[in-house]
Amino acid sequence: MSAKPLKNDVFLRALLRQPVPYTPTWLMRQAGRYLPEYRATRERAGSFMGLAQNPDYACEVTLQPLDRFPLDAAILFSDILTVPDAMGLGLSFEQGEGPRFATPIRNEVDVSKLCVPDMAKLQYVFDAVKVIRRELDGRVPLIGFAGSPFTIACYMVEGKGSDDYRLIKGMLYARPDLLHKILEINAQTTAHYLNAQIDAGAQAVMIFDSWGGVLADGIFQQFSLAYTKKVVEMIKSDRDGRKVPVIVFTKGGGQWLESISACGCDAVGLDWTVDLAAARLRIQDKVAFQGNLDPMSLFGGESAIRKEVRRVLDAYGRVGNGGHVFNLGHGISQFTPPEAVAALVDEVRSYSPQYHV
Ligand code: CP3
């Protein structure tokens, strides 16, 4: 694909800690059920996977939030669970129930059958990236993503979401060798998958370690971060002469900020339990930060939203040699009123320029 110059590269520049005129913004799960137009497209597609596996539908919903709000990045519409689906675990999303796998990985026999899947099984994702890049026409950069090896393993072993992670933690303590095998396969797969997204046109990539934060100290480093680091090391660092920044987000990972920031990534996503000023002191601007508004603050009404946005921007403070991408501390709730997002984006745009002079 010929590389169209970006009309707005504020997001990529902020990730690389280069000067920008204001703090760029995008929101985790910005394309989703809180938007009536998303619900309408999903209805037409018939199911979540019907949406994700059709590049034209995936493109349509990726662009919906950008048509409503002046966001600075688009994120590929897909899911982290397409990877274990390609490994043959049989993913389905029942309405209102969340994801489920028909054949979870529970024992030595299951693990022995597991292998790095042929990337051709995920061609629909790479096709979606190409269609979205074409339709974006350089408006803003496109983010590709994957789950971390550990977060993917949570779903592979549990077979669905979990409250206590009993099955995967049981395996971790009883048969660490089995879990290490799964994580190694996941790391190789994730690196191939992200590199193929970059080849298709993704201009930044994000690794979602949504459940790394449930692990004990000492275990997190061995079973989650070590494998995220392997993925980061295998990612192609540039494309068309431009660096492809890597963002790592470990929800609940604030206490491990030093080691996460040292994994080779360009930016670290932070949830709302972390104070950005204190985080900056700890890391000394060695990486950019992405975050970290509490998604539930969007239920507080316009003046509270604007106040909380200013609090996050004030905490990061004068950007100087640092880099800040405004985001939520986790995905947006499906019950969020769209007007709340409009107020958030407006406040970041009007209040943040003072910190970039
Ligand atoms: O806009 C975007 O951010 C891009 C799309 C995106 C989705 N999932 C779409 C989606 C992204 C980046 C994800 C990542 C994802 N998926 C994560 C990591 C981020 C996080 O939230 O921690 C995780 C853990 C998943 C797994 C997953 N997918 C769950 C647990 C669920 C069900 C819960 C829910 O919110 O419904 C999904 C389904 C899903 N993925 C939806 C969307 C828009 C809702 C499905 C629907 O339309 O019914």
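Rules behind the numbers
Residues numbered from 1 in each chain as written. Predicted model: local features only at pLDDT ≥ 70, side-chain atom pairs only at ≥ 80, totals over all residues. Heavy atoms only, no water. UniProt positions renumbered as here; feature names shortened; annotations may be inferred. Pairing = 2+ DSSP bridges. Helix = DSSP H or I, 4+ residues; strand = E, 2+ residues; numbered from the N terminus. Salt bridge = Lys/Arg side-chain N within 4 Å of Asp/Glu carboxyl O. Core = buried A, V, L, I, M, F, W, Y, C linked by side-chain atoms within 4.5 Å. Buried < 20%, exposed > 50% of the residue type's maximum accessible area, 1.4 Å probe, protein only. Contact = heavy atoms within 4.5 Å. 1 Å grid on protein atoms, 1.4 Å probe; cavity = no way out; pocket = protein on both sides within 12 Å on 5 of 7 lines; lining within 4 Å. Points joined across faces, edges and corners; volume = space filled by probe spheres on them. Nonpolar A, V, L, I, M, F, W, Y, C, P; charged D, E, K, R; others polar. Near = heavy atom within 4 Å. Polar contact = N/O pair within 3.5 Å; in protein donor to acceptor, adjacent residues only side chain to side chain. Areas by Shrake-Rupley, 256 points an atom, 1.4 Å probe, with all protein chains shown as cover. Sits in = over half its atoms within 2 Å of the grid points.

If you look the protein up in an unreviewed UniProt entry, it shows as Uroporphyrinogen decarboxylase from Sheuella amnicola. The annotation that UniProt attaches to the protein under Function (unreviewed entry) is "Catalyzes the decarboxylation of four acetate groups of uroporphyrinogen-III to yield coproporphyrinogen-III."

Undergrad: Is there a simple way to explain the sheet that holds strand S4 (residues 142–147) in this structure?
TA: The pairing of strands in a sheet comes from backbone hydrogen bonds and takes either a parallel or an antiparallel form. As summarised here, the arrangement of the 7 strands in space is S1-S4-S5-S8-S9-S10-S11, forming an open sheet in which the pairing is parallel. Edge positions in the open sheet fall to strand S1 (74–75) and strand S11 (324–328), since each of these has one partner strand only. Here strand S9 (residues 267–269) pairs with strand S10 (residues 288–293) via 3 bridges, running parallel. The residue of S10 that forms the bridge with Val 268 is Phe 289.

Undergrad: So what exactly am I meant to see when it comes to the pattern of salt bridges here?
TA: Opposite charge on two side chains permits pairing when their charged atoms draw close. Throughout the structure, instances matching the rule amount to 23 salt bridges. Here Glu 60 makes a salt bridge to Arg 44, at a shortest N to O gap of 2.5 Å. With Glu 60 in helix H4 (residues 55–68) and Arg 44 in helix H2 (residues 36–45), the pair connects residues that are 16 residues apart, well separated along the chain. Note that Glu 347 is salt-bridged to Arg 310, the shortest N-O span being 3.2 Å. Taken together, the residues span a long stretch of sequence, with Glu 347 in helix H15 (residues 338–351) and Arg 310 in helix H14 (residues 302–316) at a distance of 37 residues.

Undergrad: Sorry, what's going on with the nonpolar core here?
TA: For soluble globular proteins, nonpolar side chains are generally found buried alongside one another. Counting 134 residues, the largest nonpolar core has Phe 11, Ile 182, Phe 289 and Leu 344 as its most contacted members. Broken down by element, the residue count for this core peaks at 12 residues, all from helix H10 (residues 176–200). When sequence neighbours within four positions are dropped, the list of residues in contact with Phe 289 reads Leu 257, Val 268, Leu 270, Leu 276, Ala 279, Arg 280, Ile 283, Tyr 316, Gly 323, His 324 and Val 325.

Undergrad: Any chance you could explain unusual backbone geometry here in plain terms?
TA: With glycine set apart, most residues show a phi of negative sign, and most peptide bonds adopt trans. Cis rather than trans, the peptide bond between Gly 291 and Asn 292 has omega equal to -5°. Mapping Asn 292 onto the fold places it in strand S10. For Tyr 165, which is not a glycine, the phi torsion comes out positive at approximately 55°. By the secondary structure assignment, Tyr 165 is in the loop between helix H8 (149–158) and helix H9 (166–174). Even without a glycine there, the phi angle at Asp 240 is positive, about 50°. Within the secondary structure layout, Asp 240 lies in the loop between strand S6 (238–239) and strand S7 (242–243). Take Asp 240: its relative accessible area is 55%, and that puts it in the exposed class.

Undergrad: Would you mind showing me how to read the layout of surface pockets here?
TA: Rolled over the atoms, a probe sized like a water molecule indicates the empty space that remains. Estimates place the volume of the largest pocket at around 1,400 Å³. If you go around the largest pocket, you meet 45 residues; those closest to its centre are Arg 29, Arg 33, Asp 79, Phe 93 and Pro 99. Residue assignment for the lining of the largest pocket shows that the elements contributing at least two residues are H2, strand S2 (91–94), strand S3 (98–101) and H8. Of the residues belonging to the lining of the largest pocket, the class tally is 24 nonpolar, 13 polar and 8 charged.

Undergrad: Just to check I follow, could you spell out the UniProt feature "binding site: substrate" (unreviewed entry) in the protein for this structure?
TA: Per the UniProt annotation, the sites labelled "binding site: substrate" (unreviewed entry) are Arg 29, Gln 30, Ala 31, Gly 32, Arg 33, Asp 79, Tyr 155, Ser 210 and His 330. Lining residues of the largest pocket drawn from the annotated list: Arg 29, Gln 30, Ala 31, Gly 32, Arg 33, Asp 79, Tyr 155, Ser 210 and His 330. Of note, Arg 29 is situated in the loop between helix H1 (10–15) and H2. Each residue touching Arg 29, except ones within four places of it in the same chain, is listed here: Tyr 34, Gly 331 and Ile 332. With respect to the helices and strands, the residue Asp 79 is situated in the loop between S1 and helix H5 (82–89). In this structure, Asp 79 is in contact with Phe 48, Phe 93 and Phe 145, ignoring residues within four places of it in sequence.

Undergrad: Just to check I follow, could you spell out the site of the ligand for this structure?
TA: Taken together, 23 residues lie near the ligand, and Arg 29, Arg 33, Tyr 38, Ser 210 and His 330 sit nearest. Residue Tyr 38 places a side-chain N or O atom 2.5 Å away from an oxygen atom belonging to the ligand. The separation between an oxygen atom of the ligand and a polar side-chain atom of Arg 42 is 2.7 Å. Considering the ligand on its own, with 870 Å² of exposed area, one finds that the protein chains cover 89% of that surface. The pocket occupied by the ligand, as judged from atoms lying within 2 Å of grid points, is the largest pocket.

Undergrad: Hey, could you run me through empty space enclosed by the protein in this one?
TA: All chains considered together, the criterion is met by 1 cavity of 30 Å³ or more. Lining the largest cavity we find Thr 250, Gly 252, Gly 253, Gly 254, Leu 257, Ile 260, Val 268, Gly 269, Leu 270, Asp 271 and Val 274. For the lining of the largest cavity, the secondary structure elements donating two or more residues are helix H12 (257–261) and S9. Split into classes, the residues belonging to the lining of the largest cavity amount to 5 nonpolar, 5 polar and 1 charged.

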